[in-house]
Amino acid sequence: MSDHHHLAGDHHPSPASTATTALGTLLLLPSELLHEILIRLALPELLRVRSVARPLSHLISSPDFRRFYHLSSVSSGPAPAAAWLLIFKKLPPRGAALRGFHGPSGRWFRIPVSDIISPAVPPGEDLYFLAASGSSFLFAANGRRELVVVDLSAQSARRLPPSPLGPRGTSSWRRFGLKLVADPPGSNWFRFLFAELVNNTPFLFEYQSGTDMWQSSEAVLASGPSAPAGPDGTYLCAAHAGPDCVMVYSGPGLDRPVFFRPRFPHNPNAGGQGDRLHVYGDGSAVVVRSTVVDEPSRTRVKVVAGVDLYGFGPEVGGDWQLVSSVPGELIQGFRKPYAVMTGLLAEREGVIRLILISNCRGAWDLVWLSYDPAGAEWRWVPVPDWGGVKGLNMAGIAVSSTFSRLWPPAPAICH
């Protein structure tokens with residue numbers, strides 16, 4: 001597509017004299033105004049600009065501008081601000097590509113993860129994209145049954161030691177039960193957490209890149225709503241079957257993680273039975289209600305009738321509480337027939353983001369919704385086709401709000 005941009009790729013010579021002439025007027029602007037112009041660019045565009053002229057390179061790489069850009073990305077709300085939609089796509093015969101969609105610019109970018117990861121995995125390895133945070137991208141290798149992390153800023157990849165559960169194939173990782181966190185924020189260090197039932201007992205497993213070691217903790221049953229949920233706490237779904245789930249919570253002030261089985265309340269707006277899709281993530285749950293429609297082709301297809309968001313109260317161990325429902329007029333904008341659907345739910349910087357991936361007769365469709373609890377506002381972010389949705393062989397999807405904080409080394413990676 002004409003709007004498909006590379007974060008890295010082929011090197012093309014830049015006409016320096018033309019660029020210098022075009023930037024002459026821009027460089028004469030006051031620094032405050034220049035800052036306002038540059039912070040409106042997506043990260044890949046900003047890195048390209050940095051490679052054009054030395055004065056701009058110094059300005060964009062300065063600590064003051066980097067701090068200004070980070071604060072602007074975080075505070076720009078659910079529109080979707082700094083959040084990126086990341087999709088890993090398998091390509092025939094043995095290739096793969098990671099694409100990132102940046103909501104404010106409305107465009108897709110190619111992220112050069114596949115080129116970096118190749119030295120760490122054998123040719124033809126079956127990879128699945130699990131999560132992303134900051135400059136870290138986590139993959140599961142099905143052949144070797146191990147985890148591989150890519151550090152985009154360091155342009156490196158390495159394999160993680162096996163978890164306490166031993167080597168695992170890609171089908172063993174459940175998206176609702178894992179989380180990747182840059183720790184401390186803005187650094188190349190990270191923590192990877194996942195919750196799992198072991199002999200019908202919930203366990204929390206955590207890997208810390210600083211020590212290159214795993215820790216495991218058996219969760220204890222929460223005795224009803226008791227301990228307050230802190231801002232640094234983590235909710236993970238250890239198991240689920242439709243509306244039934246086992247949630248695990250860990251956070252400061254708790255000696256051990258706790259687990260509980262929350263129930264959904266009666267929703268008077270839900271109507272009849274219909275089809276229900278339950279999506280869990282970061283202490284929230286979404287119920288997508290659909291109805292069956294008849295088509296001349298006799299193919300059983302459905303359309304979305306409603307989307308309800310649930311969350312927890314201030315204390316750990318309670319039941320689900322209805323937070324909000326997507327307005328009907330917003331649903332009409334993306335209400336298309338589908339045969340199968342799955343979803344991803346994530347909370348970043350106080351904004352809850354829902355991605356719905358559906359398929360109808362081989363054609364894939366992506367719906368991006370965001371909810372801002374502070375303003376009780378829903379937004380729909382249209383996601384354009386990157387030219388590869390038909391027959392999409394998707395091998396993982398994630399949302400990252402920290403990707404716009406990525407600052408690679410001095411050599412430019414955009415050309």
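Here, every reference points to the structure presented above.
Next up on the list: helix 4 (residues 54–61). Considered for burial, the residues of helix 4 that qualify are L56, L59 and I60. Down the axis, helix 4 shows its buried residues gathered within 95° of arc, on one side only. Exposed residues on helix 4 whose side chains face more than 90 degrees from its buried face are R54 and H58.

As summarised here, the arrangement of the four strands in space is 5-6-7-8, forming an open sheet in which the pairing is antiparallel. At either margin of the open sheet sits one strand with a lone partner, and together these are strand 5 (127–133) and strand 8 (156–159). When the angles between neighbouring strand axes are averaged without regard to direction, this sheet yields 25°. With six bridges joining them, strand 5 and strand 6 (residues 136–141) adopt antiparallel strand pairing.

In terms of strand pairing, strand 17 (residues 275–281) meets strand 18 (residues 284–293) through seven bridges, oriented antiparallel. If you follow V279 over to strand 18, its bridge partner there is V286. Where strand 17 hands over to strand 18, the hairpin turn is made up of two residues, of which D282 adopts a positive phi near 55°.

A separate point is the side chain of S284. Counting through the fold element by element, S284 comes out in strand 18. For S284, a relative accessible area of 8% translates into the label buried. Once you skip the residues sitting within four places of it in the chain, S284 turns out to touch V279, L309, Y310, W320, L345 and I352.

Reading the values: rules and limits
Residues numbered from 1 in each chain as written. Predicted model: local features only at pLDDT ≥ 70, side-chain atom pairs only at ≥ 80, totals over all residues. Heavy atoms only, no water. Buried < 20%, exposed > 50% of the residue type's maximum accessible area, 1.4 Å probe, protein only. Helix = DSSP H or I, 4+ residues; strand = E, 2+ residues; numbered from the N terminus. Arc of directions from axis to C-beta. Pairing = 2+ DSSP bridges. Axes fitted to C-alpha atoms, helices over the stretch in contact; angles between N-to-C directions. Contact = heavy atoms within 4.5 Å.

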